[in-house]
Amino acid sequence: MNFFSLVITTLTVLVASILFDWWYFLKLRTKRLPPGPTPWPIVGTIPDLVKHGGTVGKLSQSLQAKYGKILTVWLGKKPMIFVNDPELAYDALVKQGAYFSNRVKLSSFRDITCGWRVLSTGEGPWTVALRKNIITHMLGPARLKAFKPLRDRAYEDIVNEVKSLAAAAEDGVAQVNLGAVVYGRVSRFVLGLTFGVELEENLMQEIIELSRERFLLAFKFSLGDYVSFMRIFELAKEFPDLNDSVLTSLCAEFLNAAVHSTSLTIDSTMTLVCEHPEVNEKLYREIEAVVGKRAVDESDLPQLPYLSAVIKESLRVKSPGPTTLTHATSELRKLGGYDIPTDAMVLFGLESFHYDPAHWPEPSVFNPERFLENDLDVLGKQTFNYLPFSAGRRACPGSQLAMLELSAAVARLVQNFEWQKVPNAKNTGIGTEFRARPRSV
Ligand code: HEM
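Small disclaimer: the values here were computed from a predicted structure and weren't measured.

Asker: Please set out the pattern of salt bridges residue by residue, giving values where relevant.
Answerer: Applying the stated criterion across every chain, the model contains 23 salt bridges. Taking the shortest distance from any N to any O, the salt bridge between D157 and R185 comes out at 3.7 Å. One end of the pair, D157, is in helix α7 (residues 148–168); the other, R185, is in helix α8 (residues 178–195), with 28 residues separating them in the sequence. Of the residues examined, D157 reaches a relative accessible area of 22% and is grouped as partly exposed. On the basis of relative accessibility, which here comes to 22%, the residue R185 falls in the partly exposed class.

Here it is as structure tokens:
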């Protein structure tokens, strides 16, 4: 092909795809979508998103005052609908759960998930089978019990790693990136759970690094998902149903889903505990009174109500994600009187539920006492105003394991050390810098 025909072909594809996007956009605009800012041609509301630091949760919260608790923004030609009202979320995730449980097939996820074949991006019978396998086999009560010794090792290793940093420090106080320490130890436990055997240290180290790279890749933004002509830069690939690559993707997904939010939440809980010395003191006294000097065990957790309240309040104030993953409908549905087309990405605003002043007085104040007065379930059984693990058919399958790990790890950290945040320490993405002085246990 000579240069001239190449230019003509490229321009034709460009104009055709712009016209296609325009037609697609106008077709969707005939629906009665939830309100929102008027989108720009081609790019939609992407400029507003950029103004909000690229964070969809922040964009939706700032638009909520003007447009209400269900609203639409446009990522190029694609509508993204935010549901920030707990009652509408209950309608979608429970009453209409069978229709709101699909996922949007974003091309940014295609390669990393071997053609969307992992649990969090899949839908239909394949996903139902995967979820059943995870819930009944990988994370069923018998397996959680069988793998308790590995979890105990992880808690012990976290404490020992911080103790050895303290022993090596001149003033006897460890300076530690807690998120990084927890990430490494929880990953080793989850690898044991995934493969059913303990792997060699070198191999574990290699898998942990590779899976972290994969995790970061999954956040790659692909313009082709939203503006069709950008697709010409992406190559189509075929993926088989189940082979080594699909299995690797499934293991990487499990490892990332299980480790990242858990280590992030342990880090943010300890940050909140450091910022509230009265909470730290009360927590330490509860552990001392119930457990004494021996190491806290998971079997002690039901006797530690204040610890449970601290973890739940931390998940309310600092949910690892401000929204659920994107949901999609399997057919055109109605929600709050609006149309929800199959092309829309639907996000449920967990942070909005958790910060609703009508339900939570002084919502930005960290106050574990709220959960002592009213011990709410984490899967929305009593109210959708508290939903850290989402609810319904796509709710987090790891909530039970996560609550065990969060509670036991935080209890051991408070039991063994006096914690302080390093002044002006910021979360570096993986964790926050703390100073930890071993208590004389
Ligand atoms: C603090 C800890 C955790 C939090 C706050 C959390 C929260 C969530 C949320 C909000 C979702 C999205 C649900 C939706 O889209 O409606 C999710 C999905 C998921 N989580 Fe978790 N999670 C945590 C830990 C875990 C653990 C320990 C595991 C595995 C052992 C896990 C595995 C998954 C998987 C596989 C999905 C995708 C489910 C699907 O698409 O059907 N998570 N999680």
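Asker: Account for the UniProt feature "binding site: heme" (unreviewed entry) in the protein, naming residues and giving values.
Answerer: In this structure's numbering, the residues bearing the UniProt feature "binding site: heme" (unreviewed entry) are C396. By the element assignment, C396 lies in the loop between α14 (369–373) and α15 (399–416). Classification of C396 by relative accessible area gives partly exposed; the value is 32%.

Asker: So what's going on with the site of the ligand? Residues and values would help.
Answerer: Among the 25 residues in the neighbourhood of the ligand, the closest are listed as R103, R131, H327, S390 and C396. Within the backbone of L325, a nitrogen or oxygen atom sits 3.2 Å from an oxygen atom of the ligand. H327 places a polar side-chain atom, nitrogen or oxygen, 2.8 Å from an oxygen atom of the ligand. Those elements that place two or more of their residues in the shell around the ligand are α10 (244–275) and α15. For the shell around the ligand, the element with the most residues is α10, which contributes six residues. Considering only residue class, the shell around the ligand consists of 14 nonpolar, eight polar and three charged.

Asker: Tell me about the sheet that holds strand β2 (residues 78–83), and name the residues and values.
Answerer: One open sheet holds the three strands; their spatial order is β1-β2-β6, and the pairing between them is mixed. Either end of the sheet is taken by a strand with one partner, and the two such strands are β1 (70–75) and β6 (345–348). The average angle at which neighbouring strand axes cross in this sheet is 25 degrees, direction not considered. Where β2 meets β6, four bridges bridge the pair, whose relative direction is parallel. Note on β6: the bridge partner recorded for F82 is L347. Taken strand by strand, helix α3 (residues 56–67) contacts β1, β2 and β6, and its axis lies near 130 degrees from that of β1.

The rules we used
Residues numbered from 1 in each chain as written. Predicted model: local features only at pLDDT ≥ 70, side-chain atom pairs only at ≥ 80, totals over all residues. Heavy atoms only, no water. Salt bridge = Lys/Arg side-chain N within 4 Å of Asp/Glu carboxyl O. Helix = DSSP H or I, 4+ residues; strand = E, 2+ residues; numbered from the N terminus. Buried < 20%, exposed > 50% of the residue type's maximum accessible area, 1.4 Å probe, protein only. UniProt positions renumbered as here; feature names shortened; annotations may be inferred. Near = heavy atom within 4 Å. Polar contact = N/O pair within 3.5 Å; in protein donor to acceptor, adjacent residues only side chain to side chain. Nonpolar A, V, L, I, M, F, W, Y, C, P; charged D, E, K, R; others polar. Pairing = 2+ DSSP bridges. Axes fitted to C-alpha atoms, helices over the stretch in contact; angles between N-to-C directions. Contact = heavy atoms within 4.5 Å.

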